[in-house]
Amino acid sequence: MQKLVIQGGRHLEGEIIVQGAKNSALPIAAASLLCDGEIWLENCPRLSDVYAACRILTNLGCRCRMQEHTVTVDAHGMDSSEIPEQFMCEMRSSIIFLGAVLGRMGTCTLGYPGGCELGPRPINLHLQALRRMGVKIHEENGILHCTTPNGLHGARIHLQFPSVGATENILLAAVTAKGETTISNAAREPEIIDLARFLRACGAQIAGEGTGTIVIRGVKQLHGCTYRIMPDRIVAATWLAAAAAAGGELSLRCVSASDLESILAVFEEMNCRMSASADSICFHAAAPLRAVRTLKTMPYPGFPTDAQAILMAALCCAAGTTVIEETIFENRFRHVDALVKMGADIRTAGRVAVINGVRSLHGAAVEATDLRGGAAMLIAGLCAAGETIITEIHHIDRGYDSPEQVLRSVGAEIIRV
Ligand code: EPZ
């Protein structure tokens, strides 16, 4: 079992090229099922979740290859509409294949994604929307049998909550459905915009992505294209939080600062200084960091839930008290125990965490609990005095492409054993 070993206390200095976005590459890989022609996806991160998506595509009968950071998909030979149980367990976000398989095959059988480390992962919003588009769904023993007896047709859909996954599934089902689909209260995340841009590059007719209302006019067929995946805004936030916690200055390249506005505002409140151009951010940590009075996770463009654990780690040694409220997921404080074991002063009650800044953290042996929780432990280890050992790092490898190499390149003392 691999682990990361960190000797804390080194300042970070240098330049990092930010990897492509996992949460854009996954839905776009699913969307490639709809395209008649080869798809070239550039700037794909080398992550276990991306490999899992390629396995699902291959299992469905597509030809899928990953060379370096380019994934090529040819869905011409697709001969199945079933996503087996083991894929649903391996990656809960496999649910984003549902809309694309329905759009291509008219039927889909897949396991129920079930709960995960963040709490229950319901898909009621996905299923309600698809039913309005003509999908019949029968659940038996945790398996969903979806059919479209009269074909997929457009519908007016209002989402009770701006769910990212539900918005993606509706987009994927709507682009080749009969007629027009309108999504109101749609998710506005940059990854939704990236998916819409990819689909439009393949011939889809979509308007309004990035706003709360998206309108899709179904077309008969999508064609192939070459597309470059957007930068990963959460990975960018992770490297900035690492610099904030460990001290030093970083310049991030291939990053879209406008996607991180709510996160950069928090770093400014923490007294860090930064300047941004179209595709780079220069960042100077403050010493000492200042606590942020309150931090509340919200759907985009609010402060993202995926950055909550990451900023919490950076706030452990900030001067003052921060109250974090996690409004998106039920159980997203599982990284707190590890941070407390490293000397942080954090108390949680339900969806609220109170962080009292301490002078310093000390290294410890900790276990990653989930993707962003694991990243939080990485950040804490970089600023802790002494050695930190992180196990269960498969969680981190789901979202970070060679994190130890990236951090070593800017001065961190970290190895994977
Ligand atoms: C996506 O998950 C991301 N995953 C998550 O990133 C991210 O945290 C989340 O969006 C919020 O931004 C991918 O893109 C692969 P949601 P998703 O549907 O689509 C509830 C990471 O670390 N809900 O917006 O699952 C749900 O329980 C991952 O990269 C319903 O109640 O998020 C949650 O409380 C973690 N019913 C809230 O909405 C539904 O049908 C947000 O879920 C769907 C969701």
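Note that the structure is predicted; figures quoted are calculated from it, not measured. (Residues numbered from 1 in each chain as written. Predicted model: local features only at pLDDT ≥ 70, side-chain atom pairs only at ≥ 80, totals over all residues. Heavy atoms only, no water.)

A. Quick peek at helix α7 (residues 190-201). For α7, with 12 residues, the first-to-last C-alpha span of 17 Å sits near the 16 Å given by 1.5 Å per residue. Where α7 terminates, the next one or two residues include G203, which has phi positive at roughly 105°. (Helix = DSSP H or I, 4+ residues; strand = E, 2+ residues; numbered from the N terminus. Expected span 1.5 Å × (residues − 1).)

B. Inspection of the packing of aromatic side chains at higher detail. Counted by the stated rule, this structure contains 3 aromatic pairs. On the numbers, 5.8 Å between centres and 65° between planes, the contact of W239 with Y400 is edge-to-face. On the criterion of sequence distance, the pair formed by W239 in helix α8 (residues 233-246) and Y400 in the loop between α13 (394-397) and α14 (403-408) is long-range, its members being 161 residues apart. Centre to centre, the rings of F267 and F283 are 5.2 Å apart; their planes meet at 80°, and the pair counts as edge-to-face. Separated by 16 residues along the polypeptide, F267 in helix α9 (residues 261-269) and F283 in strand β17 (residues 280-284) bring together distant segments of the chain. Across this residue pair, the class does not change: F267 and F283 are buried. (Phe/Tyr/Trp six-rings, centres within 6.5 Å; stacked < 30°, edge-to-face > 60°. Buried < 20%, exposed > 50% of the residue type's maximum accessible area, 1.4 Å probe, protein only.)

C. Seen up close, the nonpolar core. Formed by 82 residues in total, the largest nonpolar core has its most connected members in F97, M133, F198 and L199. Excluding residues that lie within four positions of it along the chain, M133 makes contacts with G151, L152, H153, A155, I157, I170, A173, A174, A177 and T181. Counting 81 residues, the second largest nonpolar core, distinct from the first, contains L250, I263, A313 and A384. (Core = buried A, V, L, I, M, F, W, Y, C linked by side-chain atoms within 4.5 Å. Contact = heavy atoms within 4.5 Å.)

D. The arrangement of the domain arrangement of the protein chain in detail. Considered domain by domain, the protein chain is made up of domain 1 (4-19 + 231-416) and domain 2 (22-228). For domain 1 versus domain 2, the distance between C-alpha centres works out to 30 Å. Looking only at domain 1, the three residues that lose the most surface to domain 2 are Y300, R398 and D401, adding up to 31% of its buried area. Summed over the shared surface of domain 1 and domain 2, the result is 2 salt bridges. Taken together, the connections running from domain 1 to domain 2 amount to 8 residue pairs in polar contact (both at pLDDT 80 or more). Of all the secondary structure elements, the ones that give two or more residues to the side of domain 1 that touches domain 2 are α12 (371-383) and α13. Per-element tally for the side of domain 1 that touches domain 2: the top contributor is α13, with 3 residues. Classifying every residue of the side of domain 1 that touches domain 2 by side-chain character gives 7 nonpolar, 6 polar and 12 charged. (Domains from an automatic or database assignment. Buried area = accessible area lost by both parts, 1.4 Å probe. Salt bridge = Lys/Arg side-chain N within 4 Å of Asp/Glu carboxyl O. Polar contact = N/O pair within 3.5 Å; in protein donor to acceptor, adjacent residues only side chain to side chain. Nonpolar A, V, L, I, M, F, W, Y, C, P; charged D, E, K, R; others polar.)

E. Representation of the site of the ligand. Looking at the ligand, there are 22 residues lining it, with N124, L125, S163, D306 and I328 nearest. Between a nitrogen atom of the ligand and a side-chain N or O atom of N124, the distance comes to 2.7 Å. Here an oxygen atom of the ligand and a side-chain polar atom of R332 are 3.4 Å apart. Starting from 820 Å² of accessible surface for the ligand in isolation, the protein chains cover 85%. Looking at the shell around the ligand, the elements that each hand over two or more residues are α1 (22-31), α5 (124-132), α6 (164-174) and α12. Its residues assigned to classes, the shell around the ligand comprises 10 nonpolar, 7 polar and 5 charged. Each of domain 1 (4-19 + 231-416) and domain 2 (22-228) accounts for three or more of the residues forming the shell around the ligand. (Near = heavy atom within 4 Å. Areas by Shrake-Rupley, 256 points an atom, 1.4 Å probe, with all protein chains shown as cover.)

F. Region of the structure containing the sheet that holds strand β19 (residues 321-325). If you trace the 4 strands from one edge of the open sheet to the other, you get β18-β19-β21-β20, paired in mixed fashion. Two strands close off the open sheet at either side, each with one partner strand: β18 (294-296) and β20 (345-349). Direction aside, the axes of adjacent strands within the sheet are offset by 15° on average. Sheet topology places β18 next to β19; 3 bridges connect them, and they run parallel. Residue pairing for β19: T294 is matched across the bridge by V323. (Pairing = 2+ DSSP bridges. Axes fitted to C-alpha atoms, helices over the stretch in contact; angles between N-to-C directions.)

G. Up close: the pattern of salt bridges. Tallied over the entire structure, the rule returns 14 salt bridges. A salt bridge links R416 to D397, with the shortest nitrogen-to-oxygen separation between them at 2.8 Å. Of the two residues, R416 is situated in strand β24 (residues 413-416) and D397 in helix α13; the sequence distance between them amounts to 19 residues. Members of the salt-bridge network, linked through shared partners, are K22, D49 and R398.

H. Examining the side chain of D194 more closely. Secondary-structure assignment places D194 in helix α7. Buried and without a salt bridge, D194 has R197 as its closest oppositely charged side chain, separated by 4.9 Å. Leave out the neighbours within four places in its chain, and D194 touches S24, I28, Y227, I229 and M230. (Lys, Arg positive; Asp, Glu negative; His and termini not counted.)

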